[in-house]
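Close look at the chain arrangement
Chain by chain, the residues:
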Amino acid sequence: MDERDFWVSMSAKLARIDERTQQIQEEIKGLHELRDRLTAVEQRAKSNTHRLDGLKTTAALLATIASILVNLTAVALKIIFGK
């Protein structure tokens with residue numbers, strides 16, 4: 001390999017490095033948007049979890065009330081019909 005071939009080879013390698021560097025810079029620009037979107041999704045997930053925890057408590061309370069009403073109705077029917 002003579003000096004000219006060496007410089008041609010180095011020039012080609014530098015061009016590939018430059019192209020890849022530009023690609024990486026473009027990918028990095030997208031990371032900021034991705035970070036913001038991920039943060040928003042995490043906040044919504046926390047909010048949804050909090051709401052679901054509240055619904056779970058409400059559902060348990062409603063199930064207890066329904067069970068009490070069913071039992072009271074059964075006792076009342078036994079008293080009314082004497083069975």
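Residues numbered from 1 in each chain as written. Predicted model: local features only at pLDDT ≥ 70, side-chain atom pairs only at ≥ 80, totals over all residues. Heavy atoms only, no water.

Per the secondary structure count, the protein includes one helix and zero strands. For the protein, the C-alpha radius of gyration of 35 Å lies well beyond 12 Å, the compact-globule estimate for 83 residues. Its C-alpha atoms put the protein at 115 × 25 × 10 Å along the principal axes. Split by element, the accessible area of the protein, about 7,800 Å² in all, is 64% carbon and sulfur. (Helix = DSSP H or I, 4+ residues; strand = E, 2+ residues; numbered from the N terminus. Rg over C-alpha atoms; globule rule 2.2 N^0.38 Å. Areas by Shrake-Rupley, 256 points an atom, 1.4 Å probe, with all protein chains shown as cover.)

Turning to the pattern of salt bridges, a few remarks are in order. Throughout the structure, instances matching the rule amount to three salt bridges. Close ionic contact of K29 with E26 constitutes a salt bridge, the shortest N to O distance being 3.3 Å. Here the residue K29 and the residue E26 both occupy positions in helix α1 (residues 3-81), the gap between them amounting to three residues, near one helical turn. Like E26, K29 is exposed. (Salt bridge = Lys/Arg side-chain N within 4 Å of Asp/Glu carboxyl O. Buried < 20%, exposed > 50% of the residue type's maximum accessible area, 1.4 Å probe, protein only.)

Our focus in this paragraph is a nonpolar patch on the surface. A cluster of nonpolar side chains, contributed by L61, L62, I65, I68, L69 and L72, occupies part of the molecular surface with about 590 Å² of accessible area. Mapped onto the secondary structure, I65 falls in helix α1. Relative accessible area serves as the criterion here: at 41%, I65 is assigned to the partly exposed category. (Patch = residues over 30% accessible without salt bridge, like charges linked within 9 Å, V, L, I, M, F, W, Y side chains within 5 Å.)

Further remarks concern the packing of aromatic side chains. Enumeration according to the criterion identifies one aromatic pair in this entry. Between F6 and W7 the ring centres are 5.1 Å apart and the planes differ by 75°, which places this aromatic pair in the edge-to-face class. (Phe/Tyr/Trp six-rings, centres within 6.5 Å; stacked < 30°, edge-to-face > 60°.)

Taking 1.5 Å per residue as the helical rise, α1 with its 79 residues ought to reach 117 Å, and the 112 Å between its terminal C-alpha atoms agrees with that figure. Following α1 by one or two positions, G82 adopts a phi angle in the positive range, close to 65°. (Expected span 1.5 Å × (residues − 1).)

Further remarks concern the environment of T64. Tracing the chain through its elements places T64 in helix α1. With relative accessibility at 43%, the residue T64 sits in the partly exposed group. Sequence separation between T64 and M1 is 63 residues; the distance between their C-alpha atoms is 88 Å.

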